[in-house]
Amino acid sequence: IVNRSVPDVCATCHIHATCHQTEGKSVCICNYGFVGNGITHCQDKDECQIGASKICGNHTLCHNTHGSFYCVCLDGYQASNNNKTFIPNDGTNCTDIDECEEPGLCGRNAGCVNTEGSYKCYCNDGYKLENGERFFHPDENMVSCKEIGCGSPPEMKHGYIVGNYSLLPGSAVRYKCKEGFYSNEGMFSYCTANETWEPDTLSCKAVDCGVPPSVSNAYPASVSETTYGSEVTYTCVHGYFTVSGNRTRVCNAKGRWDGTDLVCKEINCGKPLLIPHTEMIWDDSTTLSSRVYYRCKEGYYSVGDRNFSECMIDQSWENITYICK
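(A) Region of interest: the pattern of salt bridges. All chains considered together, the criterion is met by five salt bridges. Salt-bridge contacts for Glu-310 lead to Arg-291; the nearest nitrogen and oxygen are separated by 2.7 Å. Of this pair, Glu-310 sits in strand 32 (residues 308-310) while Arg-291 sits in strand 30 (residues 291-296), and the two are 19 residues apart along the sequence. Salt-bridge contacts for Glu-318 lead to Arg-306; the nearest nitrogen and oxygen are separated by 2.5 Å. Here Glu-318, found in the loop between strand 32 and strand 33 (323-324), pairs with Arg-306, found in the loop between strand 31 (302-303) and strand 32; they are twelve residues apart in sequence, far enough to count as distant. Judged by relative accessible area, Glu-318 falls into the partly exposed class, the value being 23%. Exposure remark for Arg-306: the relative accessible area of 29% places this residue in the partly exposed category.

The following block contains the structure:
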């Protein structure tokens, strides 16, 4: 009789197997998450092949791991246990996330509507999408809500808007020219069905006062502009001086030159000075640059370098040192 040793079955179990006693016998059985004969092989079991919706529940994704698996919620959903991953046997399920609770998610002038697993945005009343669509998703479309209507009305050069106005098609904006300006064109701009302003440019012209008035014994400086706000300056002609009135005239809003006429009076030096022992040779002229000549009477001789005096701009005769002895 030869004694033979009985092999220990449990010692032959695979690394991913466990030895169990069944009906008095030792049996190697692969651990949970593995399949095989328990001795020579125990390979990973892909639980996700069953289907995510069946093993993990609705709105989920299944991820297989070595000997196990885990579940995650689809985008737009969150796990009821507030964890990123879960195992279905713990009672966790995926519920819809209300993205609209996030302030400003859809941007300016827009509202948010929650949908199952997602959301969509819409423009508020009085606004519309530039691409003409009704709804949009900010992550998918680079769009914005544009105010319905023509936008800001055109500016009017030297003019301004009168009263209230609307930006909606069919409305009109009324303009008025500023003081000193006028327009021969229409004073309205209309918002068209194409949401554009027609006309898109308006302007007012400055009132023109025309040629400056003439002033006796005076002349105006060279004038390049004769429109509202322009100025012209007058100067008395040679031999005259200013008595009263305005040297400067201004073109007013009514198209007239403001200011009273400049009054220029001719310079008058009056009678010349008498020099003892002299006779005057004079034509009785007393205006600017007039001259009176002197000569010594008989029996006298002159002392001095000049024998005449001129009427000066200050209306006085020039002092001279002419003396007769």
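(B) Region of the structure containing the side chain of Ser-309. Of note, Ser-309 is situated in strand 32. Note on Ser-309: relative accessible area 3%, which makes it buried. Beyond its immediate chain neighbours, meaning those up to four positions away, Ser-309 contacts Ser-290, Arg-291, Val-292, Tyr-294, Trp-317, Glu-318 and Ile-320.

(C) Region of interest: the side chain of Thr-92. Mapped onto the elements, Thr-92 comes out in the loop between strand 8 (85-86) and strand 9 (94-96). A distance of 3.3 Å separates a polar atom in the side chain of Thr-92 from a polar atom in the side chain of Asn-81. In this view, Thr-92 contacts Ala-79, Ser-80, Asn-81 and Phe-86; residues no more than four positions away in its chain are not counted.

(D) Inspection of unusual backbone geometry at higher detail. Put simply, Glu-198 and Pro-199 share a cis peptide bond, and its omega is -10°. Relative to the helices and strands, Pro-199 is located in the loop between strand 20 (197-198) and strand 21 (202-203). The backbone of His-59 sits at a positive phi, close to 60°, despite the residue not being glycine. Among the structural elements, His-59 can be located in the loop between helix 1 (52-55) and strand 5 (60-65).

(E) Seen up close, a nonpolar patch on the surface. There is a patch of nonpolar side chains on the surface, built from Val-113, Tyr-122 and Phe-135 and spanning about 210 Å² of accessible area. Relative to the helices and strands, Phe-135 resides in strand 13 (residues 135-136).

(F) Expanded view of the pairing of strand 24 (residues 231-236). Residues Val-232, Tyr-234 and Cys-236 line the buried face of strand 24, whereas the alternating positions Glu-231, Thr-233 and Thr-235 sit on a face that is not buried. By the bridge criterion, three bridges tie strand 23 (residues 218-220) to strand 24 in an arrangement that is antiparallel. Across the sheet, residue Pro-220 finds its bridge partner in strand 24, namely Tyr-234. Pairing of strand 24 with strand 26 (residues 248-251), which is carried by three bridges, proceeds in the antiparallel orientation. Its bridge partner being in strand 26, Glu-231 is matched across the sheet by Val-250.

How each quantity is defined
- Residues numbered from 1 in each chain as written.
- Predicted model: local features only at pLDDT ≥ 70, side-chain atom pairs only at ≥ 80, totals over all residues.
- Heavy atoms only, no water.
- Salt bridge = Lys/Arg side-chain N within 4 Å of Asp/Glu carboxyl O.
- Helix = DSSP H or I, 4+ residues; strand = E, 2+ residues; numbered from the N terminus.
- Buried < 20%, exposed > 50% of the residue type's maximum accessible area, 1.4 Å probe, protein only.
- Contact = heavy atoms within 4.5 Å.
- Polar contact = N/O pair within 3.5 Å; in protein donor to acceptor, adjacent residues only side chain to side chain.
- Patch = residues over 30% accessible without salt bridge, like charges linked within 9 Å, V, L, I, M, F, W, Y side chains within 5 Å.
- Areas by Shrake-Rupley, 256 points an atom, 1.4 Å probe, with all protein chains shown as cover.
- Pairing = 2+ DSSP bridges.

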